[in-house]
Amino acid sequence: MKKLFGGINLTWPKLFGISIAIGIYTSIMAMIPALKYTSFHDLTATFEVWIFFGIFIIMNSKSAVDSALKCFIFFLISQPLVYLIQDVITHDNLFDRYYNYWFMWTVACVPMGFIGYYMKKDKWYGLVILTPMLLFLGIQFSLYLSETVFSFPFHILTTIFCVVTLIIYPLFIFNNKKIRITGTIISSIIIVAVVAIVIAKPPVYSTNILSSGEKYQFDNTYKVYLKDSKYGSLNIRYDEGIETWMIHAEFKHAGKTEVILESPNGEKIEFKITIKRDTYRIKEKK
């Protein structure tokens, strides 16, 4: 593991090869529908793996200038490839829609790569440089721990990756024992804080799933509930904006269950519902 953080001769040909390979791999992961809500798709949208690549390049560079240039070129090659390959295959015009955002991060890699190189000096200021990256990684950990709690086991690999890298960065970037211990304590505090927050405030998907109209007529005299309450709760509320009654859901977990709508006289309409983290599919049972 230590070799990854300073023991590799990262030549320019190797950097070009890694950049192209990562760009191709990421674009493939983005285009496979079955992987959309899994850890394999996560690197197409968030930063945790790209932070790893950045630190890997920084720690295997020969100077601050070398680090800045290599970080810049790595992202300048890999990120456009992600979108251009998809555009060629899907014709979705993703490059024009999304690359401006990622190009700003690519430009930011120049100062970040230059400053990041000084982590190699094994001084206290190296830990000061690393700490914002640990905090940023903590944000990604919070996101994916919530996703895993809601949609277990989806995103669990990314969640584990965040925890592991939070620990290994201070342990393997630095040789100074006191710096390593302090860095590990900082990472441990981040991990514990994120876990505590997610436990105290678990993820909830709030949405309206049905409205009273031509097909289904109901108001607040009706009852509505999920067959399995572990997936969340339902209630009927009036929407002033569209002037109709709505069935509002507070989902707590992904999965499949049934929605039961019961009239005051006991008549029931049952629906099958499939819940995901940010979407759902509902259909009346026949």
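Scroll up a little and you will see the structure.
Summary of the structure given here. (Residues numbered from 1 in each chain as written. Predicted model: local features only at pLDDT ≥ 70, side-chain atom pairs only at ≥ 80, totals over all residues. Heavy atoms only, no water.)

1. Structural notes on a nonpolar patch on the surface
- A cluster of nonpolar side chains, Val65, Leu69, Phe114, Ile115, Tyr118, Tyr125 and Val128, forms an exposed patch at the surface whose accessible area comes to about 650 Å².
- Contributions of two or more residues to the nonpolar patch are made by helix 4 (64-90), helix 5 (94-116) and helix 6 (124-151).
- Counting through the fold element by element, Phe114 comes out in helix 5.
- Of the residues examined, Phe114 reaches a relative accessible area of 36% and is grouped as partly exposed. (Patch = residues over 30% accessible without salt bridge, like charges linked within 9 Å, V, L, I, M, F, W, Y side chains within 5 Å. Areas by Shrake-Rupley, 256 points an atom, 1.4 Å probe, with all protein chains shown as cover. Salt bridge = Lys/Arg side-chain N within 4 Å of Asp/Glu carboxyl O. Helix = DSSP H or I, 4+ residues; strand = E, 2+ residues; numbered from the N terminus. Buried < 20%, exposed > 50% of the residue type's maximum accessible area, 1.4 Å probe, protein only.)

2. Quick notes on the sheet that holds strand 7 (residues 280-284)
- Spatial ordering of the open sheet is given by 2-5-6-7, a layout of 4 strands whose pairing is antiparallel. Looking along the sheet, the strands with just one partner apiece sit at the ends: strand 2 (223-226) and strand 7. Each adjacent strand pair in this sheet contributes to an overall mean axis angle of 20°, direction not counted. (Pairing = 2+ DSSP bridges. Axes fitted to C-alpha atoms, helices over the stretch in contact; angles between N-to-C directions.)

3. Considering helix 8 (residues 177-200)
- Across its 24 residues, helix 8 extends 34 Å between first and last C-alpha, which sits within 8% of the 34 Å expected from 1.5 Å per residue.
- Those residues of helix 8 that fall on the buried side of the exposure criterion are Ile179, Gly183, Thr184, Ser187, Ile190, Ile191, Val194 and Val198.
- Where helix 8 starts, the residue carrying a side-chain oxygen 3.0 Å from the main-chain nitrogen of Lys178 turns out to be Asn176. (Expected span 1.5 Å × (residues − 1). Polar contact = N/O pair within 3.5 Å; in protein donor to acceptor, adjacent residues only side chain to side chain.)

4. Quick word on a positive patch on the surface
- A cluster of basic residues, Lys36, Lys215, Lys256, Lys272, Lys276, Arg281, Lys283 and Lys286, forms a positive patch on the protein surface.
- Secondary-structure assignment places Lys276 in the loop between strand 6 (268-275) and strand 7. (Lys, Arg positive; Asp, Glu negative; His and termini not counted. Charge placed at Lys NZ, Arg CZ, Asp CG, Glu CD.)

5. What about the packing of aromatic side chains?
- Applying the stated criterion across every chain, the model contains 17 aromatic pairs.
- Centre to centre, the rings of Phe52 and Phe161 are 6.2 Å apart; their planes meet at 75°, and the pair counts as edge-to-face. Note that Phe52 is positioned in helix 3 (residues 48-59) and Phe161 in helix 7 (residues 156-173), a separation of 109 residues in sequence.
- A relative accessible area of 17% means that Phe52 is categorised as buried.
- Relative accessible area serves as the criterion here: at 26%, Phe161 is assigned to the partly exposed category.
- Between the aromatic rings of Tyr238 and Trp245, the centroid separation amounts to 5.2 Å while the plane-to-plane angle is 70°, which identifies the pairing as edge-to-face. (Phe/Tyr/Trp six-rings, centres within 6.5 Å; stacked < 30°, edge-to-face > 60°.)

6. Quick notes on unusual backbone geometry
- Here Phe152 and Pro153 are connected by a cis peptide whose omega angle stands at 5°.
- Mapped onto the elements, Pro153 comes out in the loop between helix 6 and helix 7.
- Even without being a glycine, Asp122 presents a positive backbone phi close to 60°.
- Considering the arrangement of structural elements, one finds Asp122 in the loop between helix 5 and helix 6.

7. Focus: the state of the cysteines
- Evaluation of the coordinates by the stated rule reveals 0 disulfides.
- As a non-bridged cysteine, Cys109 has Cys71 as the owner of its nearest cysteine sulfur, 5.9 Å distant.
- By relative accessible area, which is 9% here, Cys109 ends up buried.
- Cysteine Cys162 remains unbridged, with the sulfur of Cys109 as its closest cysteine sulfur at 18 Å. (Disulfide = S-S within 2.5 Å.)

8. Some points on the sheet that holds strand 4 (residues 244-251)
- Pairing in this open sheet of 3 strands is antiparallel, and the strands run 1-4-3 from one edge to the other. Of all strands in the sheet, those with a lone pairing partner are strand 1 (205-211) and strand 3 (232-239), marking the two edges. The mean angle between the axes of side-by-side strands here comes to 30°, regardless of whether they run parallel or antiparallel.
- The pairing of strand 3 with strand 4 spans 8 bridges and is antiparallel. Across the sheet, the residue bridging to Ile236 is Ile247, located in strand 4.

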